[in-house]
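Inside the fold
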Amino acid sequence: MTSFRSTPTCTWRSYWQAGEGLVQAGEEVERVTRMSRSLLTGPVQYLKGVGPVRAERLAHMEVHTGRDLLYHLPHRYEDATTVDPISSLQPGDDATVIGRVVSKGVLHTRRRLRVFHVVIRDDTGMIECAWPGRPWLDRSIAKDDLLLVSGPVRFYHGRQLQPREHTVLARASDDAGPTAVTHDRGRVFSVYPATEGLTHRQVRAIVDLNLEPLLTEIAGREVLPERWRDDLDLPRLERALRALHRPSALSDVEPARRRLAFEELFFLQLLHARARARLRLETAGLAFEGEPILTRPFIESLPFTLTGAQERVWGEVEADMERKSPMNRLLQGDVGSGKTVVAAAAMLKAAEAGYQAALMAPTELLAEQHARTLETLLEPVNVKPVLLTGAVTGKAREYALQRLASGEARVVVGTHALIQDAVEFAALGLVVIDEQHRFGVEQRRRLRDAGMASDALVMSATPIPRSLALVLYGDLDVSVIDEMPPGRVPIVTGVRGPKKRDAAFDFLREQLEAGRQGYVVYPIIEESEILDVRAATAEHEELVERFDEFEVGLLHGRLSSAEKDGVMRRFVEGEIQLLVATTVIEVGIDVPNATVMLIEDAERFGLAQLHQLRGRVGRGAEQSYCVAFHSGKVPSERLQAFASTDDGFLLAEEDLRLRGQGDVFGREQHGVALLRFADLERDRKLLEEARRRARGLVERDPSLSHREHRFLARELAERYGGREALYQVG
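Thresholds, definitions, all that
- Residues numbered from 1 in each chain as written.
- Predicted model: local features only at pLDDT ≥ 70, side-chain atom pairs only at ≥ 80, totals over all residues.
- Heavy atoms only, no water.
- Helix = DSSP H or I, 4+ residues; strand = E, 2+ residues; numbered from the N terminus.
- Buried < 20%, exposed > 50% of the residue type's maximum accessible area, 1.4 Å probe, protein only.
- Contact = heavy atoms within 4.5 Å.
- Areas by Shrake-Rupley, 256 points an atom, 1.4 Å probe, with all protein chains shown as cover.
- Polar contact = N/O pair within 3.5 Å; in protein donor to acceptor, adjacent residues only side chain to side chain.
- Axes fitted to C-alpha atoms, helices over the stretch in contact; angles between N-to-C directions.
- Parallel < 35°, antiparallel > 145°, perpendicular 65-115°, else oblique.
- Left-handed = near helix turned anticlockwise from the far one by under 90°.
- Nonpolar A, V, L, I, M, F, W, Y, C, P; charged D, E, K, R; others polar.
- Pairing = 2+ DSSP bridges.
- Salt bridge = Lys/Arg side-chain N within 4 Å of Asp/Glu carboxyl O.
- Expected span 1.5 Å × (residues − 1).

1. Some remarks on the overall build of the protein chain
- Looking only at helices and strands, one finds 22 helices and 21 strands in the protein chain.
- A buried classification covers 54% of the 730 residues belonging to the protein chain.
- Considering only residue pairs separated by 6 or more positions, the protein chain has 75% of its internal contacts joining residues 24 or more positions apart.
- Surface exposure of the protein chain reaches about 32,500 Å², of which carbon and sulfur atoms provide 49%.

In structure tokens:
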């Protein structure tokens, strides 16, 4: 379990219209904050048993204050409440024993295997323990140490316990003496995350010395109302932390974890709710009213009927735009689900109300693709989008800028070029951002700071579970298109082992000979001595020889933007028939003629990533295929799931289950830290409750200035102040 780092109180700009910032919520909060500078908020160096040297080592685990130490929780527990007497052990048992080391040493077998061997004794008898191939334990386990050992009992020249896990509970000098064993029975031993120069036993000793005074102080800082705790069956904070550090039984741990999980989720949702409320206060809202002179004929002119999901989402977007408060909505949907149609309708709604709408894409190539798509979609209502990217220069650029400034251009598509100083809009009311994992937040802030674009619609083609969406995008309202248009030809997906690899490449050749295009995707760019996987650059050379009658291109992340753009343009235009690439093609350009994708070393990719890669084919009317290669005898559970469905939302849920949220979150993203206590699989109901209660609280008291919320204001400032600054863009 990683450590909790509290963030010092920061100075807030006055973002409430009433002049009330978080720390400026009132003299009462200031008084309480001054009183709080004690053990919890003071440097860990001054706690008992720490000092400057240990404080430096604790800092390696992000433990800087007393609060950090209190939240530096055990990452596992050794249960000595069910310790077996050594005399009762029989071969075949799976046992846990506690005993003193009577003797120890390293034994050499005939096969030159070195075995660390100890004999331990409790009040009832002695037993041998052996660790084959682990002679270095001789340096960490000493005679008279108190060991907890768990594992199977075998018969090998007598009874022998083969440890699956072991923990040094105490050194010979740590307690009453070498025979003191029975007093440790009935305990659950906490095993803490440690670091170089600071063992888990030393961390436990530091916690033991300071736990009671820290808990006494935290008891006066309860932030959850009693009625909430009763509703959700959560213990008080002081009781939860005590149970996590010193559980009397393992059954005490989960209820305590749930308390910390809810608090963590609640504060996160509180940050989101405040960012959402602040946006509505800071941004002058626009109510897009008027007769549907563009939206209605646009929808009627479509050569297809909107799916039920598209109609539902368009209703949500339309209702948002008609309200005076600014829209801040995430439009989520799988590749090909029809997000662009909904975005086009939203842009037309802004236009028919007398405002301009802009769609901002991360690359020039994507902007050009969006412009072509919108030009086709909007032709029946006689609205022609203007394209503005870095590639638009000279008189064409001057003409585009003039049309934007005059208001003649009602719909514009571009890149970050849209927010350059030279660009002026007559009345920009809606910005649509095609983004991945919150790309475009800074751009959206710049548009809003410039007094433009009250409404924002953020599109994402990466299906993610609702629970993850609430954590990452809790400040946005979320609309999900979870239904694919009828008649779409499914992509045939196969998983193949090493013996079928050549056959798959032969099939790729057949497709190329039939005039189609294809991808071969690799997990890394260059060969590695560490990773035994295929690399794009090396395999590109082989594929150039293997497919010498075709043009084989290479695309990877180390190419410059201009080089990547050039390769992709040649592929789009059909000059390149086979594209060898890394995951830089995961999101982006549609090439309807590309019908085959081969993914090498597919085990190296997550399920969501595999699904995004697969979405690069199947963009045209022809049957498309995706083949994922594995290196084992049988495909992994992940690859079997990938082949079983093309539902991105089902795969996203499975990805979260298989990989765990740690791998999904990775490093901190825009202020969203890896969850330490909450588990998105187990705690979905807690997350929903946290969101509901946080939003309700902020609606009633957005600045948290009411007397009953003073402790919340203080905790938010002390623990999450720095992070809230990152949420100010909304």
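2. A few points about the environment of Q202
- Note on placement: Q202 falls in helix α4 (residues 200–219).
- Each C-alpha atom, one on Q202 and one on V50, is 9.8 Å from the other, the two residues being 152 residues apart in sequence.
- Once you skip the residues sitting within four places of it in the chain, Q202 turns out to touch R54 and G197.
- At 2.8 Å, the side chain of Q202 forms a polar contact with the backbone nitrogen of T199.

3. Quick look at the packing of helix α10 (residues 339–352) against helix α11 (residues 364–378)
- Look at α10 against α11: their axes get within 11 Å of each other, and the N-to-C directions meet at 70°. Overall, the two elements α10 and α11 adopt an arrangement that is roughly perpendicular. The handedness of the crossing between α10 and α11 comes out as right-handed. Along the contact surface, α10 presents T340, V341, A344, M347 and L348, while α11 presents H370, T373, L374, L377 and L378.
- For the contact of α10 with α11, the residue count by class is 7 nonpolar, 3 polar and no charged.

4. What about the sheet that holds strand β15 (residues 477–481)?
- Strand order in this open sheet of 7 strands is β11-β12-β10-β13-β14-β9-β15, and the pairing throughout is parallel. Of all strands in the sheet, those bounded by a partner on one side alone are β11 (386–388) and β15. The sheet shows a mean angle of 20° between the axes of neighbouring strands, taken without regard to direction.
- By the bridge criterion, 5 bridges tie strand β13 (residues 428–434) to strand β14 (residues 455–460) in an arrangement that is parallel. Looking at the pairing, I433 lines up with V458 of β14.
- Running at roughly 155° to strand β12 (residues 411–414), α11 makes contact with β10 (356–360), β11, β12, β13 and β14 of the sheet.

5. A short note on the pattern of salt bridges
- Counting across every chain of the model gives 45 salt bridges.
- Between R242 and E238 there is a salt bridge, with its nearest N and O atoms 2.8 Å apart. Separated by 4 residues within a single helix, R242 and E238 lie in helix α6 (residues 237–245), roughly one turn from each other.
- A salt bridge links R516 to E622, with the shortest nitrogen-to-oxygen separation between them at 3.4 Å. Of this pair, R516 sits in the loop between α15 (501–513) and β17 (517–521) while E622 sits in the loop between α18 (607–614) and β21 (625–629); the two residues are 106 residues apart in sequence, bridging distant segments of the chain.
- By relative accessible area, which is 23% here, R516 ends up partly exposed.
- When salt bridges that share partners are traced, they join R67, R221, R714 and E715 into one network.

6. Considerations on the pairing of strand β2 (residues 94–108)
- One ladder, built from 7 bridges, connects β2 with strand β5 (residues 146–155); its direction is antiparallel. Bridge pairing links R100 to L146 in β5.
- In this structure, β2 lies alongside strand β3 (residues 114–121), joined through 8 bridges in antiparallel fashion. Paired with V106 across the strands is F116, a residue of β3.

7. Observations concerning the packing of α15 against helix α16 (residues 536–546)
- Interaxial distance between α15 and α16 falls to 12 Å at its minimum, and their mutual angle equals 60°. Relative to α16, the element α15 lies oblique. Crossing handedness for the pair α15 and α16: right-handed. Taken together, the residues of α16 that come into contact with α15 (itself represented by R501, D502, F505, D506 and R509) are E539, L543 and R546.
- Across the contact of α15 with α16, the residue classes tally to 2 nonpolar, no polar and 6 charged.

8. Topic: the sheet that holds strand β19 (residues 578–581)
- Spatial strand order, β16-β21-β20-β17-β19-β18: 6 strands in an open sheet with parallel pairing. Of all the strands in the sheet, just β16 (492–496) and β18 (552–555) have a single pairing partner and so form its edges. Here the strands of the sheet are splayed against their neighbours by 15° on average, with no regard to which way each runs.
- The strands touched by α16 are β17, β18 and β19; relative to β18, the strand with the most contacts, the crossing angle is about 175°.
- Against the sheet, α18 engages β16, β17, β20 (594–599) and β21, with an angle of about 150° to β20.

9. Structural notes on α10
- Over its 14 residues, α10 runs 20 Å from end to end, which matches the ideal 20 Å to within 8%, given 1.5 Å per residue.
- Burial of α10 is extensive: 13 of the 14 residues sit out of reach of the surface.
- The first or second residue beyond α10 is G354, which carries a positive phi of 95°.

10. Observations regarding unusual backbone geometry
- The phi dihedral of D144 falls on the positive side, at around 75°, and the residue is not glycine.
- Mapped onto the secondary structure, D144 falls in the loop between β4 (126–132) and β5.
- The class for D144 is partly exposed, based on a relative accessible area of 26%.

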